[in-house]
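Here are the chains, one letter per residue:
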Amino acid sequence: IYSEILKYRPDVIISVFNVGNLNIYLLFLLKQFLGFKLILWSFGYDPVKGFNPDKRFTDKIRLLLSQKADAVIFYWEKGKAEISNFSERTEHYFIAPNTLDTNKLFNYKNLFDKTGSDIIKKELGLKEKHNFIYVGRLLKDKEVEVLLEAFSKIETTRDDCRLTIIGDGPELQHLKDLSVKLKLQKITFSGEILDDETTGKWIYVNDAFIMPGRLGLSVVHSFCFGTPVISQMKEDHFHGEGIGYIKNGENGFLIRDGDVNELSEKMNELISDQMLLLKLKQNAFDTAKNDCSIEKMTEGFDNAISYVLKNKNL
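The rules behind these values
- Residues numbered from 1 in each chain as written.
- Predicted model: local features only at pLDDT ≥ 70, side-chain atom pairs only at ≥ 80, totals over all residues.
- Heavy atoms only, no water.
- Helix = DSSP H or I, 4+ residues; strand = E, 2+ residues; numbered from the N terminus.
- Buried < 20%, exposed > 50% of the residue type's maximum accessible area, 1.4 Å probe, protein only.
- Contact = heavy atoms within 4.5 Å.
- Areas by Shrake-Rupley, 256 points an atom, 1.4 Å probe, with all protein chains shown as cover.
- Disulfide = S-S within 2.5 Å.
- Expected span 1.5 Å × (residues − 1).
- Pairing = 2+ DSSP bridges.
- Axes fitted to C-alpha atoms, helices over the stretch in contact; angles between N-to-C directions.
- 1 Å grid on protein atoms, 1.4 Å probe; cavity = no way out; pocket = protein on both sides within 12 Å on 5 of 7 lines; lining within 4 Å.
- Points joined across faces, edges and corners; volume = space filled by probe spheres on them.
- Nonpolar A, V, L, I, M, F, W, Y, C, P; charged D, E, K, R; others polar.
- Patch = residues over 30% accessible without salt bridge, like charges linked within 9 Å, V, L, I, M, F, W, Y side chains within 5 Å.
- Salt bridge = Lys/Arg side-chain N within 4 Å of Asp/Glu carboxyl O.
- Parallel < 35°, antiparallel > 145°, perpendicular 65-115°, else oblique.
- Left-handed = near helix turned anticlockwise from the far one by under 90°.

Asker: Tell me about the overall build of the protein, and please be specific about residues and values.
Answerer: In terms of regular secondary structure, the protein is built from 13 helices and 10 strands. The principal-axis extent of the C-alpha atoms belonging to the protein is close to 70 × 45 × 35 Å. By the burial criterion, 52% of the 314 residues in the protein qualify as buried. In the protein, the proportion of contacts linking residues at least 24 apart, taken out of those at least 6 apart, comes to 70%. Carbon and sulfur atoms make up 51% of the accessible area of the protein, which totals about 15300 Å².

Below, the structure written as structure tokens:
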């Protein structure tokens, strides 16, 4: 990258912010000689351990670099807040809500709206009236077994629901074994689907996207198709930035951690109350349009760049 820097002599460089990335330290050194402004782009803290520079050396380094950088862009408000609690100066901190290519996903949704949910369901082979879906890697921290246990309670009272699990990972066989143990009849393990349009169709026709464990940008993915998300409330430093988009009872649900009964109740409530379902679907899509859009993200970058260039010209 250094030959490119010397060739183009940029006014601003934006770097992914990882304290283990040696390039960052070289960029801090080079900026003294080449005069460019350095913006760091970061989640904000370790999503498992949190942020405490008084106890962890890596956090102390992260805080020092955050203060020395010309600007820092955070994925979400919580990331900024965590660092700000220990910072002497914060005026150079900005937020660019982390997201996906929402315009691409919105275009898919427009196509699906024209086709209609019933036709897409038929295409996908879905015959049940109500459907729930999980899409993602099958990892331990996703806690998909909580979803299977909750769905087993749904199956005991109704026969018009199906659960589809899309994804692959080390937990796949364990989850298949659990589904047999729970005697689940209306569950489908579809494997990994890499085609964005096909995955979008699956999310679009489902009543809710459920990921009990660690949430990331799957929330944005689901909201772009107007599908509410259900997950669990966790301790402060568990979920990724996607949790910040969920408003409990408005565009999804956040249940008590490990409460299988509450998850089952919320799933049943959602499909038993058509007005509630429609409200959550509309609010989910509105959240995607207003809070998760790619324009909202680039606005954060624009603000940070404008700030450092303004200071450069002073």
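Here the narrative resumes.
Asker: Would you mind going over the state of the cysteines in detail, with residue names and values included?
Answerer: Counting across every chain of the model gives 0 disulfides. Between Cys224, a free cysteine, and Cys292, which holds the nearest cysteine sulfur, the sulfur-to-sulfur gap is 6.7 Å.

Asker: Let's hear about helix H2 (residues 22-34): which residues, and what values?
Answerer: Taking 1.5 Å of rise per residue, the 13 residues of H2 would be expected to cover 18 Å, and the 18 Å separating its terminal C-alpha atoms lies within 8% of that figure. Among the residues making up H2, those that are buried are Ile24, Leu27, Phe28 and Lys31. Looking at the buried positions of H2, the neighbouring elements they touch are helix H1 (2-8), strand S1 (12-16), strand S2 (37-42) and helix H3 (57-68). Gly35 occupies a position one or two residues after H2 and carries a positive phi of about 80°.

Asker: How would you sum up the pairing of strand S9 (residues 229-232)? Please name residues and give values.
Answerer: Residues of S9 alternate between two faces, with Val229 and Ser231 on one and Ile230 and Gln232 on the opposite face, all of them buried. Relative to S9, strand S8 (residues 208-210) is paired through 2 bridges, and the arrangement is parallel. Within S9, the position partnered with Phe209 by the bridge is Val229. The pairing of S9 with strand S10 (residues 252-255) spans 4 bridges and is classified as parallel. Paired with Val229 across the two strands is Gly252, which belongs to S10.

Asker: Describe the sheet that holds S2, with residues and values.
Answerer: Adjacent strands of a sheet form backbone hydrogen bonds with each other and so pair up, either parallel or antiparallel. Reading across the sheet, the 4 strands line up as S1-S2-S3-S4 and stay open at both edges, with parallel pairing between neighbours. Bordering the open sheet on either side are S1 and strand S4 (93-95), each of which pairs with just one other strand. For this sheet, the mean inter-axis angle between neighbouring strands, taken without regard to orientation, is 25°. As paired strands, S2 and strand S3 (residues 71-74) are joined by 4 bridges and run parallel to one another.

Asker: How would you explain the layout of surface pockets if you had to name every residue and give the values?
Answerer: Reported here for the largest pocket is a volume of approximately 420 Å³. Lining the largest pocket are 18 residues, with Ser117, Tyr204, Leu277, Leu278 and Lys281 positioned closest to its centre. Broken down by secondary-structure element, the contributors of at least two residues to the lining of the largest pocket are helix H5 (102-115), helix H6 (117-124) and helix H12 (274-290). Taken together, the residues of the lining of the largest pocket break down into 6 nonpolar, 6 polar and 6 charged. The calculated volume of the second largest pocket comes to roughly 280 Å³.

Asker: Give a description of a nonpolar patch on the surface that names residues and reports values.
Answerer: A contiguous nonpolar patch, built from Leu26, Leu29 and Phe33 and spanning about 340 Å² of accessible area, is present on the exposed surface. Inspection of the secondary structure assignment puts Leu26 in helix H2.

Asker: Tell me about the packing of helix H7 (residues 144-155) against helix H8 (residues 172-181), and name the residues and values.
Answerer: Two elements in contact, H7 and H8, have axes whose closest approach is 10 Å; the angle formed by their N-to-C orientations is 15°. On the basis of the axis angle, H7 is roughly parallel to H8. As for the relative orientation of H7 and H8, their crossing is right-handed in sense. Residue-level inspection shows Val144, Glu145 and Leu148 of H7 in contact with H8, the latter providing His174, Leu175, Leu178 and Ser179. Its residues assigned to classes, the contact of H7 with H8 comprises 4 nonpolar, 2 polar and 1 charged.

Asker: So what about the sheet that holds strand S6 (residues 161-166)? Which residues, and what values?
Answerer: An order of S7-S6-S5-S8-S9-S10 is seen for the 6 strands of this open sheet, with the pairing classed as parallel. Across the chains shown, the open sheet's two edge strands, defined by having one partner strand only, are strand S7 (187-191) and S10. In this sheet, adjacent strand axes meet at a mean angle of 25° when their direction is disregarded. In the packing of H7 onto the sheet, the strands contacted are strand S5 (130-135), S6, S7, S8 and S9, and the crossing angle to S6 comes to about 165°.

Asker: Tell me about unusual backbone geometry, and name the residues and values.
Answerer: Of note in this structure, Arg9 is not a glycine but carries a positive phi near 45°. Looking at the secondary structure, you find Arg9 in the loop between H1 and S1. The backbone phi angle of Glu143 is positive, close to 55°, even though this residue is not glycine. Locating Glu143 in the fold gives a position in the loop between S5 and H7.

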